[in-house]
Amino acid sequence: MRLLVTYGLICGQMLFGLSKVGIAVKVSGAVKIIAAETDVENSLTPGKPLNSEDRITTGNNSFTAIMYLDDKTLIKVMENSELTIRGSRDGYGINKELDIAFGKLSAKIAKQKGKEFRISTPTSVASVKGTDLLISSDPIQGDSFVLITGIIEVTNSITGETTQVNEGETATSTPDGSLDVTETTEEDLEGFLESDEGTEGDIQELRFEIEDDNGNIKQIIIQIN
Amino acid sequence: MKYVSIILILLSTLWSQPSVLIMSPEPGEEVMDKNILIAASFYNIPDLKAENIQLILDNKNVTSSTFVDNEMISYYIPSLDPGKHKIELFTGEGESVTWSFFVLGERKQKMEPLVYSGKLRTSTSIDQIDEESLSVNQIFFDFKGTAYEMLRFNTKIKLTNQENSMYQPRNVYGFKFNLGDILALNLGDTNPQLSHFTVSGKRIRGFDAALTWGWFNLQIVKGEINRTVQGELNNAYTYTVDVDDDGNNFLALSRQGYTFKQDVLAGRLAFGRGEKFKWGIHFLKARDDTLSVNRIVNNATITYTESAGTFSGLDSGKVYTVDQLSDYALIQSGVDWSGTGPKDNLVIGTDLGINLDKKRIVLEGEIAFSMTNNNIWGGAMSKAEMDTLIDDNIDNKLASFDLGRIPFEPKNITDIFIINPNMVPLSPIDPAAFDDSSDVSLFDAIMSMPSLAFRGRAVLNYWGNNFSINYSQVGPEFISFGNPYLQKNKRELSISDKMKLLNNRLMVNVGYKHQDDNIMTSVDNVESQNTLSLGLNILPGPGLPTANISFKTIDRDNGINEITTLTDSTYNDNRKNTHTNHITFNLNHRFNLLWSHNINTTFMLLNKKDNVSNRINDNPQYIDPGIVSNVFNISLTTYYDIPLKTTLSLSTNSSEFSTGPGKMASQLFNTGNIDGEYAMNEGKYILKAGTNFAKGTGISEVSWIGFKGGVKINIIERLSINAQGEFRSKFVGGETNQSFIARANMDYSF
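What you are looking at is a predicted structure, and each value in this text was computed from that prediction instead of being measured. (Residues numbered from 1 in each chain as written. Chains lettered and ligands numbered in written order. Predicted model: local features only at pLDDT ≥ 70, side-chain atom pairs only at ≥ 80, totals over all residues. Heavy atoms only, no water.)

Topic: the overall build of chain A
Consideration 1: On a plain count of helices and strands, chain A comes out with two helices and 19 strands.
Consideration 2: For chain A, the proportion of its 225 residues judged to be buried stands at 51%.
Consideration 3: Considering only contacts in chain A between residues 6 or more positions apart, those separated by 24 or more positions represent 41%.
Consideration 4: Of the accessible surface of chain A, which amounts to about 10300 Å², a share of 50% is contributed by carbon and sulfur atoms. (Helix = DSSP H or I, 4+ residues; strand = E, 2+ residues; numbered from the N terminus. Buried < 20%, exposed > 50% of the residue type's maximum accessible area, 1.4 Å probe, protein only. Contact = heavy atoms within 4.5 Å. Areas by Shrake-Rupley, 256 points an atom, 1.4 Å probe, with all protein chains shown as cover.)

With respect to unusual backbone geometry
All names here are of chain B.
Consideration 1: In this chain, Ser24 is followed by Pro25 through a cis amide linkage whose omega measures -15 degrees.
Consideration 2: By the element assignment, Pro25 lies in the loop between β1 (21-24) and β2 (30-32).
Consideration 3: The omega angle of the peptide bond from Val424 to Pro425 is 0 degrees, so this bond is cis rather than trans.
Consideration 4: Notably, Asp47 is not glycine yet its phi reads approximately 60 degrees, a positive angle.
Consideration 5: You will see that Asn59, though not glycine, has its phi angle at about 65 degrees, which is positive.
Consideration 6: Among the secondary structure elements, Asn59 is positioned in the loop between β4 (54-57) and β5 (60-61).
Consideration 7: The class of Asn59 is exposed, set by a relative accessible area of 67%.

A short note on the environment of B:Leu194
All names here are of chain B.
Consideration 1: Topologically, Leu194 is positioned in the loop between β14 (183-190) and β15 (204-213).
Consideration 2: Separated by 288 residues in sequence, Leu194 and Gly482 place their C-alpha atoms 9.4 Å apart.
Consideration 3: Not counting chain neighbours up to four residues away, the residues in contact with Leu194 comprise Val199, Gln219, Val221, Ala266, Gly267, Arg268 and Phe283.

Some words on the nonpolar core
Consideration 1: Ranked by size, the top nonpolar core spans 46 residues in total, and within it A:Ile23, A:Ile75 and A:Leu98 carry the most contacts.
Consideration 2: If you tally residues by element for this core, the top one is strand β9 (residues 94-109) of chain A, at six residues.
Consideration 3: Here A:Ile75 is in contact with A:Thr64, A:Ala65, A:Ile66, A:Tyr68, A:Leu98, A:Leu105, A:Ser106, A:Ala107 and A:Phe117, once residues within four sequence places are set aside.
Consideration 4: Within the second largest apolar cluster, 22 residues are counted, among which are B:Ala40, B:Ile45, B:Leu48 and B:Val62. (Core = buried A, V, L, I, M, F, W, Y, C linked by side-chain atoms within 4.5 Å.)

Digging into the sheet that holds strand β18 (residues 249-255) of chain B
Residue and element names in this part refer to chain B.
Consideration 1: The strand order β17-β18-β23 describes an open sheet built from three strands, whose pairing is mixed. Of all the strands in the sheet, the pair left with one neighbour each is β17 (237-243) and β23 (329-331). Each neighbouring strand pair of the sheet contributes to a mean axis angle of 30 degrees, computed without reference to strand direction. (Pairing = 2+ DSSP bridges. Axes fitted to C-alpha atoms, helices over the stretch in contact; angles between N-to-C directions.)

With respect to the pattern of salt bridges
Consideration 1: With the rule as written, the count across this model stands at 30 salt bridges over all chains.
Consideration 2: A salt bridge links B:Lys119 to B:Asp747, with the nearest nitrogen and oxygen atoms 4.0 Å apart. On the criterion of sequence distance, the pair formed by B:Lys119 in strand β10 (residues 114-129) and B:Asp747 in strand β45 (residues 735-749) is long-range, its members being 628 residues apart.
Consideration 3: Its relative accessible area of 12% is what places B:Asp747 among the buried residues.
Consideration 4: The residue B:Asp573 makes a salt bridge to B:Arg575 at a minimum N-O spacing of 2.8 Å.
Consideration 5: By relative accessible area, which is 7% here, B:Arg575 ends up buried.
Consideration 6: Residues joined in a network through salt bridges with shared partners are A:Glu53, A:Arg86, A:Glu97, A:Asp99 and B:Lys500. (Salt bridge = Lys/Arg side-chain N within 4 Å of Asp/Glu carboxyl O.)

A word on the pairing of strand β41 (residues 663-680) of chain B
Residues and elements named next belong to chain B.
Consideration 1: One ladder, built from 16 bridges, connects strand β40 (residues 644-660) with β41; its direction is antiparallel. By the bridge assignment for β41, Thr652 is matched with Asn670.
Consideration 2: Counted along the chain from β40 to the antiparallel partner β41, the turn is two residues long, and its residue Gly662 has a positive phi close to 70 degrees.
Consideration 3: Here β41 hands over to strand β42 (residues 685-698) after four residues, with Asn681 in that stretch at a positive phi of 55 degrees.

Here's the deal with the confidence of the model for chain B
Residue and element names in this part refer to chain B.
Consideration 1: Looking at chain B, pLDDT values average 87 and 95% of them are 70 or higher.
Consideration 2: For chain B, per-element mean pLDDT is lowest for helix α1 (residues 2-16), which scores 47, and highest for strand β19 (residues 261-271), which scores 97.
Consideration 3: Confidence drops under pLDDT 50 across residues 5-17; counting only partners more than four residues distant or on other chains, this segment forms 13 contacts.
Consideration 4: For this predicted complex, the interface score ipTM comes out at 0.71, while the overall pTM is 0.76. (pLDDT = per-residue confidence, 0-100.)

Quick look at the packing of aromatic side chains
Consideration 1: Here the structure, examined in full by the defined rule, presents 25 aromatic pairs over all chains.
Consideration 2: Taken together, a centroid distance of 6.2 Å and an interplanar angle of 10 degrees make the contact between B:Phe141 and B:Phe143 stacked.
Consideration 3: With relative accessibility at 23%, the residue B:Phe143 sits in the partly exposed group.
Consideration 4: An aromatic cluster is present here, built from B:Tyr116, B:Phe141, B:Phe143, B:Phe153, B:Tyr748 and B:Phe750 joined pairwise through their rings.
Consideration 5: The ring centre of A:Tyr68 lies 5.5 Å from the NZ or CZ of A:Lys96, which sits over that ring.
Consideration 6: The aromatic ring of B:Tyr237 is capped on one face by B:Arg255, whose charged end is 5.5 Å from the ring centroid. (Phe/Tyr/Trp six-rings, centres within 6.5 Å; stacked < 30°, edge-to-face > 60°. Lys NZ or Arg CZ within 6 Å of the ring centre and 35° of its normal.)

Describing the sheet that holds strand β7 (residues 72-79) of chain B
Residue and element names in this part refer to chain B.
Consideration 1: Here we have four strands laid out as an open sheet, ordered β1-β3-β7-β6, and antiparallel in their pairing. One side of each edge strand has no neighbouring strand; the edge strands of this open sheet are β1 and β6 (67-68).
Consideration 2: For β6 and β7, the ladder comprises two bridges, and the chain directions are antiparallel. Note that in β7 the partner of Val68 across the bridge is Ile73.

As for the side chain of B:Ser451
Residues and elements named next belong to chain B.
Consideration 1: Among the secondary structure elements, Ser451 is positioned in the loop between α3 (442-447) and β29 (452-462).
Consideration 2: Side-chain polar atoms of Ser451 contact the backbone oxygen of Ser370, separated by 2.8 Å.
Consideration 3: The residues contacting Ser451, other than those within four sequence positions of it, are Ala368, Phe369, Ser370, Pro425, Glu477 and Phe478. (Polar contact = N/O pair within 3.5 Å; in protein donor to acceptor, adjacent residues only side chain to side chain.)

Put into structure tokens, the structure is as follows:
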């Protein structure tokens with residue numbers, strides 16, 4: 001009986017525990033957070049934990065990166081954007097949701113393993129399985145979903161039309177109800193560079209760290225042009 | 001009970017799979033020396049005690065400076081020395097995680113002088129449909145890049161074999177330069193956007209320059225909307241037989257089949273950054289160049305068809321050049337040409353945008369006024385000529401409008417606009433409104449100006465609602481050469497609300513739209529349309545189907561309630577009053593059954609009824625405009641374990657409608673498609689094949705069967721070719737026709 005109660009408490013804590021869902025891992029410029037609990041606006045700082053229903057806004061030349069606690073799903077929010085981060089725990093992980101009021105963001109979404117990642121805007125709803133994608137949302141102009149890898153489903157909430165978007169495609173969803181899927185062009189990718197990224201060279205490196213029997217750390221570096 | 005407890009604990013242990021999730025920095029990651037965050041998640045570790053967690057950085061315990069609880073730890077470091085750094089994270093009970101990262105010192109980054117990329121695409125298509133064939137070859141070249149990170153450039157060039165001097169340009173030459181966020185310059189073919197009522201979407205060949213400096217915005221567009229087309233040589237002239245002052249016949253040749261070069265100058269000056277406020281004033285000035293079309297085209301030909309003897313030396317039915325007819329013909333000046341007269345267009349307007357509460361409230365408005373002249377050959381009118389335009393009284397009045405109120409002489413402003421009897425509208429505002437005894441108020445007269453256009457929009461975004469109200473009016477004579485796609489003589493009011501409920505799992509859209517043409521102060525029969533719409537989008541979550549339901553009613557009325565009696569026995573019944581119900585249901589679902597499938601079904605019902613009562617008694621000959629139509633479509637896409645994708649879709653469309661007085665007919669149309677796509681050699685070759693078929697029965701008997709195939713080959717990285725063809729055999733009205741379409745293109749990116 002005692003063991004059952006203990007087991008129940010453990011599961012209960014996992015299921016109905018804290019509402020903390022993510023953390024801000026990078027902040028640049030004027031980024032604000034309006035906490036759901038207090039409705040007070042404060043500056044967002046790196047390392048600050050994020051709860052469900054917290055609202056984040058970025059100003060001019062500002063940028064922030066948010067990571068979910070359960071699977072490191074990474075959301076990069078570009079300048080002049082506003083979104084509400086949501087998550088509900090079900091014991092297996094966090095069912096994630098982003099409610100984008102407007103702006104641009106990129107998402108690197110880990111495999112959700114049966115959980116849900118939903119992105120909603122004033123115009124569209126996208127259901128995501130495990131994906132790299134770029135999203136630009138404007139309540140007047142509409143949305144574009146640029147898919148780098150994976151598959152998503154986008155629904156235009158005006159007409160209810162749903163379409164599947166594959167790698168290398170861009171879905172454009174507008175407030176007048178149109179929903180089109182086209183091949184991604186360079187213009188679709190514009191505006192999604194991180195605000196604080198400098199110009200890197202074309203050389204990419206992979207570093208592996210190994211420890212020998214004496215405890216010395218050695219590195220193997222592979223450079224890729 | 002004891003064994004059940006043990007099993008539960010074991011299952012719980014397996015289910016939890018405790019592990020620290022390193023969030024930042026990644027093991028081995030290189031980071032800059034400022035603003036470093038060390039973070040890890042304990043989400044998957046149950047029963048963790050925060051007081052047991054320790055963070056060691058480079059052998060120094062920094063736990064007291066961290067944010068730590070039983071779910072996560074974060075440690076923000078404003079700066080750190082360059083080099084390798086080691087993190088040790090202890091979660092208690094002897095468990096720990098160790099990793100390292102590298103801090104880079106400040107490094108000078110080279111400005112790349114030039115970074116570029118591009119794409120070259122060639123495309124060939126041959127379409128043979130029934131007796132018609134069309135062959136199109138095109139080359140697309142896109143080239144873009146940056147120079148010293150400040151200057152961005154982009155070129156878009158399209159060359160096609162359809163380019164023809166008899167038509168407007170089909171080739172596209174576009175060059176775009178951006179200097180930071182301050183200056184944007186487009187040269188060549190561009191599609192500028194100034195405002196909805198001036199320049200929006202029309203291609204212009206010239207330049208488009210936009211300067212943005214904080215709250216100051218200036219955009220200038222200059223170029224040509226249409227290029228000169230001299231016309232086909234065998235269709236460049238018409239002729240009439242005229243008699244000169246000496247009583248001799250001559251051929252009066254009049255130009256036709258041409259297009260004037262149309263020059264445009266447009267601009268917009270705006271104040272405000274646009275995030276909260278923006279106010280702009282804009283204008284458009286466009287005019288046909290009367291000198292661009294040649295009056296004399298010596299090589300043009302005319303078929304002489306007059307009876308023998310009308311002109312000695314000319315044979316009826318023979319084709320002559322203009323040069324050969326020089327002794328018999330007189331080429332008319334432009335004012336007498338039978339073709340389209342040269343036009344003039346002036347649009348001025350202003351727009352305002354306000355965003356409040358972080359764009360939760362959006363207010364937009366725009367108003368514009370236009371003047372158009374459909375034939376400027378005669379030049380401008382003087383005030384004296386305007387005085388006697390409508391009546392013969394020389395009283396310095398145009399109807400009741402005092403011409404003395406015009407502060408300028410129209411002939412002095414021909415550079416801005418040419419005023420003559422070909423103006424549209426002839427009177428921009430009802431002159432009676434200026435008469436003290438008029439029953440038309442000045443406000444009504446302004447609001448009903450035939451060449452006035454305005455629109456306003458308010459959007460509110462609160463509590464999951466996106467509420468929008470829009471009003472627009474475009475007068476029957478509002479014309480902008482920079483936006484020829486506007487629907488004129490229409491005013492529209494629409495109200496809509498989009499609601500997100502149940503954590504965005506249920507979307508509800510409701511809307512109302514009213515459209516009519518009751519713009520002028522007196523409209524005999526007002527045409528109107530009212531539309532009510534309701535839509536539900538149901539998105540329950542992963543693994544469950546999504547559903548969409550929409551219901552719409554449309555009521556149309558052309559305002560005519562009576563039959564027009566022509567004679568004792570003939571009449572016209574132009575009454576139109578209909579009611580339409582439109583229902584759509586769609587279901588979409590992804591599921592796994594052996595393989596991965598996506599199924600999509602749609603059902604649509606449309607029912608249109610005639611609302612005019614006693615129609616059959618008043619007009620036994622009328623044809624019922626009603627129609628009942630059902631459409632059902634189902635589509636199944638399957639992704640197999642091998643790189644194969646197949647799509648099967650079937651649809652059926654049945655309609656019942658009237659084909660004559662008291663007669664009903666039906667039409668059934670069934671179609672099917674099967675398509676497959678197979679990738680070989682890790683996607684280097686992609687093969688496509690498919691078939692489609694259709695059968696229609698009822699008032700029209702039609703059927704077809706088609707086959708298609710294609711291949712895409714990725715020859716090397718960034719170079720691919722794509723070829724596809726389709727053959728269709730169609731049976732219509734007892735005749736069989738074949739269609740053949742072939743397309744090939746090559747893509748190269750660099």
